[in-house]
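Below are the chains, spelled out letter by letter.
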Amino acid sequence: MEPRKVYLDNSATTKVAEEVLNAMIPYFSNDPGNPNSLHQWGRGARRAVDESRESVASLIGAGIHEIVFTGNGSAADNLAIKGSAWADKKNRKHIITSAVEHHAVIDTCKWLGKTGYDITYLPVDEFGMVHPETLKGAIRDDTLLASVMHANNEVGTVNPIEELGAICRERGVLFHTDAVQTAGHIPIDVSKLPVDMLTMSAHKMYGPKGTGALYVRKGIKLVPLVHGGGQEYGIRSGTEDTAGIAGFGAAARLAKRLFEEGEETRVSCLRDKLLDGIIEKIPNSFVTGHRTKRLPFHGSVCVRRIEGEGILLRMDYAGIGVSSGSACTSGSLEPSHVLLAMGLDHATAHGSVRLTLGRDTTEDDINYVLEKFPPIVEILRKMSPYKGG
Ligand SMILES: *Cc1c(COP(=O)(O)O)cnc(C)c1O
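What counts, and at which threshold
- Residues numbered from 1 in each chain as written.
- Predicted model: local features only at pLDDT ≥ 70, side-chain atom pairs only at ≥ 80, totals over all residues.
- Heavy atoms only, no water.
- Domains from an automatic or database assignment.
- Contact = heavy atoms within 4.5 Å.
- Buried area = accessible area lost by both parts, 1.4 Å probe.
- Salt bridge = Lys/Arg side-chain N within 4 Å of Asp/Glu carboxyl O.
- Polar contact = N/O pair within 3.5 Å; in protein donor to acceptor, adjacent residues only side chain to side chain.
- Helix = DSSP H or I, 4+ residues; strand = E, 2+ residues; numbered from the N terminus.
- Nonpolar A, V, L, I, M, F, W, Y, C, P; charged D, E, K, R; others polar.
- Buried < 20%, exposed > 50% of the residue type's maximum accessible area, 1.4 Å probe, protein only.
- Near = heavy atom within 4 Å.
- Pairing = 2+ DSSP bridges.
- Axes fitted to C-alpha atoms, helices over the stretch in contact; angles between N-to-C directions.

Segmentation of the protein into domains returns domain 1 (6-15 + 262-383) and domain 2 (18-258). Using C-alpha coordinates to define each centre, domain 1 is positioned 27 Å away from domain 2. Taken together, the contact between domain 1 and domain 2 spans 28 residues of the former and 34 residues of the latter. Counting each side, the surface lost to burial between domain 1 and domain 2 is near 2500 Å², with a carbon and sulfur contribution of 56%. It is L295, H337 and R359 in domain 1 that bury the most area against domain 2; as a group they hold 24% of the surface buried on that side. Run the count over domain 1 and domain 2 and you get zero salt bridges. Applying the counting criterion to the domain 1 and domain 2 interface returns 18 residue pairs in polar contact (both at pLDDT 80 or more). At the level of secondary structure, the elements contributing two or more residues to the side of domain 1 that touches domain 2 comprise α8 (263-281), β10 (298-303) and α10 (337-341). Here the element with the most residues in the side of domain 1 that touches domain 2 is α10; it accounts for four residues. Looking at the side of domain 1 that touches domain 2 residue by residue, the classes come out as eight nonpolar, 13 polar and seven charged.

If you want it as structure tokens, here you go:
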């Protein structure tokens, strides 16, 4: 029998959908044009880029001239933050962000902090949520930008960006949100939201890796990070990745269809079954992040007195792909800055496990995980130096 494989790491990346791949293939070799060339090959490529821009814009209620394609979500975050900081006509030097942002935002802010900018990192509550009052209290006369993520990648909590954006608008402060986890998964309509810039990444919504986009509200000026041929309205020079962009467009159209089919409800029911099952079957485990103001596909838990890495490796051996909170990207075992900001102590934060579902996750998959996960914890607890597990 084929060993069962259950991929539950969709917050890290998603599988490219079949229709996305099909939309991309021609632009790797059959249709070789540069979208900036005037001949028929170039015009064909330009058409593909334009169509995708329309699809991505339409997914979030933006105008086509408000979408700038970038190399990935990280590049879009960098462009939003550095680009608006450097473009500020009033030369304001204060930027607000939150303590739980993705590194693409937090490290960009930290770096600006070393070059003469003053950065405020807003605290979060025990669910990882940023409260409007804390933002209100942090705005100063020299605040130029606030960047607060739409939903957190580690614990799935969705922030009240409508209220956060409204506060910024009232005070003449730009508002950027990193929507990499939400775009294509929960409906977004920038024509109604007080958001000035919004980051998306194709590979978190069944598109290809290496293609992102920044929504830039009409009238907002950014200083480009890449100078050159003036592509993407002069904000992001370089020959467009036609295949990647065509894939992003197809992913945006797929996302619209998934909303219509009720995928959000289907996947959140499975997610709830998984989380309820885990806390019922595994003693001393609890859900991290908000239970309801949460990404529909996102589950995250902490298992006390266990290392998340140990769980990850044994789950991997059982054919289940999950991630642990203390992602040792730097080779260190520092627990996640998100869990610490939520008030968890180091030891508990080390036991975090993230299980993020996708559109091909089935009820059988969830049953399989609920069968395998508890005995793995039991074994690890028997081996653990901590007593009383
Ligand atoms: C994945 C992710 C990013 C980075 O996107 P890339 O396309 O991988 O660079 C940024 N922010 C959040 C919240 C993410 O989950």
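Back to the write-up after that little detour.
Moving on to unusual backbone geometry. Despite not being glycine, Y233 shows a phi value in the positive range, around 60°. With respect to the secondary-structure elements, Y233 resides in the loop between β8 (212-216) and α7 (242-261). Residue classification places Y233 among the partly exposed positions, given a relative accessible area of 42%.

Looking now at the site of the ligand. Of all residues adjacent to the ligand, which total 13 residues, the nearest are S74, D178, Q181, S201 and K204. A distance of 2.7 Å separates an oxygen atom of the ligand from a polar side-chain atom of Q181. One of the side-chain N or O atoms of H203 is found 2.9 Å from an oxygen atom in the ligand. Considering only residue class, the shell around the ligand consists of two nonpolar, eight polar and three charged.

On the basis of which strands lie adjacent, the open sheet formed by four strands has the order β9-β10-β13-β12 and antiparallel pairing. Only two strands of the sheet have a single neighbouring strand rather than two, namely β9 (285-287) and β12 (323-324). As judged from the five bridges shared by β10 and strand β13 (residues 352-356), these two strands associate in the antiparallel manner. Bridging from a neighbouring strand, S300 pairs with R354 of β13. Docked against the sheet, α8 engages β9, β10 and β13, running at close to 10° with respect to β10.

Right, let's get into the pattern of salt bridges. Enumeration over the complete set of coordinates arrives at 19 salt bridges. Two residues, D365 and R4, come together in a salt bridge whose shortest N-O distance is 2.9 Å. Of this pair, D365 sits in helix α12 (residues 363-383) while R4 sits in the segment before β1 (6-7), and the two are 361 residues apart along the sequence. Here D272 and R291 are joined by a salt bridge, their closest N and O atoms 3.6 Å apart. Taken together, the positions of D272 in helix α8 and R291 in the loop between β9 and β10 put the pair 19 residues apart, joining distant regions of the chain. Sharing partners across several salt bridges, the network here consists of R271, D272, D276 and R291.

What follows concerns helix α9 (residues 308-317). Of the positions making up α9, those classed as buried are G308, E309, G310, I311 and M315. Contacts made by the buried residues of α9 are with β10, β11 (320-321), β12, β13 and α12. Two residues or fewer after α9 comes G319, characterised by a positive phi angle close to 85°.

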